[in-house]
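Architecture and fold: a report
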Amino acid sequence: TTKLNLFQSINSAMQISMKTDHTAIVFGEDVAFGGVFRASQNLRDEFGPERVFNTPLSENGIAGLAVGYASVGGTAIGEIQFADYIFPAIDQIVNEMAKFRFRSGNQWNCGGVTLRAPCGAVGHGGLYHSQSPEAYLCHTPGLVVVMPRGPRCAKGLLLSSIRSKDPVIFLEPKILYRSAVEEVPDADYEIPLGKAEIMQEGKDVTIVGWGAQLRRLQAACDMASKEMGVSCELIDLRTLLPWDSETIIRSVKKTGKLIVSHEAPITCGFGAEIVATLQQECFFHLEAPIQRVCGYDTPFPLKNEKYYLPDEIKNLDAIRKVMEMSK
C-alpha cells in the first residue's frame, strides 16, 4: 500500500486504466497539465497528447465527445472541471448518454463513458463551485451515479466505473482531494458498484450518507456514543444510482430508526428517495419519524457556509430526537 490523498488515488486509478486498456483516453478542460486539482497530473507525459488532451470550454462538447467515442468501442474518461458546470451538458447526458442503449434495443451502447466531476463544499467556493447535483442525475434511468468518501474506496470505485458497461457520473468531493489521506493498495482492484458499505455496526439508529458527509456523520456517531451511549449504524451508500436499498432496509428493521444526511438542499434531495422507500418497506418497524439533515433550500452561500452545512451538531440533534421519540 501507499499513503495517498484523494486526488492521488484518482490519478492512480486512471493510470491503471490507461495501462490496461489501450483505448482509454482522458480529456477535459486543463487536464493536459494535470487539471485544477492535479488529478490527471503526469498522465500526458506517460501516455502522450493523443490520449490525454484539453478540450474547449464546452461541457456539452465534453459529454458529446464521450458519447461518440464510447459508441464506437472506446473508453472515455471525461472531466467536468466542477460539478456545478455539468448543467450545460445535461442534454447530452440525459438525452443521449443515458438512452443510447435503450433506444437501440441493446444493439449499441456508450457504456464506456465515465464523467468525473468535483462536487460539494470546499470552504470558499460560494454559489458556483460548491454544489452537489447528484439528485438531478439520479432522476435519469440509464446512468450510474457514484460518490466516494475517501482515497481507498475512490480508487476501487473509479476502476469499476471506468470498466462498467453503463455510463457513470463519478462525483468527487473536492474538499477531500488533499484533506483525506489513507493507505491505498498499489494493485489494480475494483469495488462493486451498487453496494453500500456498513462503516460502523450499531443497534440503536441507522445513519446514511455519502461522500464528504460521512466525516461529519462519523463525528456525530462518536459524540452520540460518548454523550448518550447510543449505538449508531453508519452506512456509506457509495453508489447513488442504482442505490443499495436492501442494506438500508435490513439495518432499519434492526434499529427501528433512520437518519439520512446530505449537503444538497433538502427539497427533492436524494435523501427523499431513501426516506420514501424506507417508509414503504419498514413502516411497521419504525419507532420514530425518519429524519433528514440536509442543506437548506437556498443557493449555496459563501460567508455563511458553516451555517448552511448539515454538520455533526445538527446530526447529533437528530440522533437525540429519534432516541427521545422512540421511548
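Residues numbered from 1 in each chain as written. Predicted model: local features only at pLDDT ≥ 70, side-chain atom pairs only at ≥ 80, totals over all residues. Heavy atoms only, no water.

Details of the packing of aromatic side chains
- A complete count under the given rule lists ten aromatic pairs for this structure.
- Between F37 and F82, the aromatic rings sit 5.5 Å apart at their centres with planes inclined by 70 degrees, giving edge-to-face as the arrangement. Of this pair, F37 sits in the loop between β2 (24–28) and α2 (43–47) while F82 sits in the loop between β4 (75–79) and α4 (90–97); the two residues are 45 residues apart in sequence, bridging distant segments of the chain. Across the pair, exposure class does not vary: F37 and F82 are buried alike. (Phe/Tyr/Trp six-rings, centres within 6.5 Å; stacked < 30°, edge-to-face > 60°. Helix = DSSP H or I, 4+ residues; strand = E, 2+ residues; numbered from the N terminus. Buried < 20%, exposed > 50% of the residue type's maximum accessible area, 1.4 Å probe, protein only.)

A look at the nonpolar core
- Membership of the largest hydrophobic core comes to 47 residues, with the highest contact counts inside it found for I93, M97, L237, I274 and L278.
- Sequence-distant contacts of L278, defined by excluding residues within four places in its chain, comprise W243, I248, I249, V252, L258, F283 and I290.
- V146, C153, L159 and Y177 belong to the second-largest nonpolar core, a separate cluster that totals 35 residues. (Core = buried A, V, L, I, M, F, W, Y, C linked by side-chain atoms within 4.5 Å. Contact = heavy atoms within 4.5 Å.)

What about the sheet that holds β4?
- A sheet is described by the order of its strands in space; here seven strands give the open sequence β3-β2-β4-β5-β7-β6-β12, paired in mixed fashion. Every interior strand has two partners, whereas the edge strands, β3 (52–54) and β12 (239–241), have only one. The sheet shows a mean angle of 20 degrees between the axes of neighbouring strands, direction not considered.
- Note: β2 against β3, three bridges, orientation parallel. Each bridged residue has a counterpart across the sheet, and for F27 the counterpart in β3 is F53.
- Taken strand by strand, helix α1 (residues 6–20) contacts β2, β3, β4, β5 (113–119) and β7 (168–173), and its axis lies near 140 degrees from that of β2. (Pairing = 2+ DSSP bridges. Axes fitted to C-alpha atoms, helices over the stretch in contact; angles between N-to-C directions.)

Quick look at the pattern of salt bridges
- In this structure the tally under the stated criterion is 16 salt bridges.
- For E197, the salt bridge goes to R149, with nearest N and O atoms at 2.8 Å. In this pair, E197 sits in strand β9 (residues 197–200) while R149 sits in the loop between β6 (144–146) and α7 (151–163), placing the two residues 48 residues apart along the sequence.
- Between D236 and R149 there is a salt bridge whose closest N-O contact spans 2.8 Å. (Salt bridge = Lys/Arg side-chain N within 4 Å of Asp/Glu carboxyl O.)

Everything listed here is a matter of coordinates, which is why it stays silent on function.
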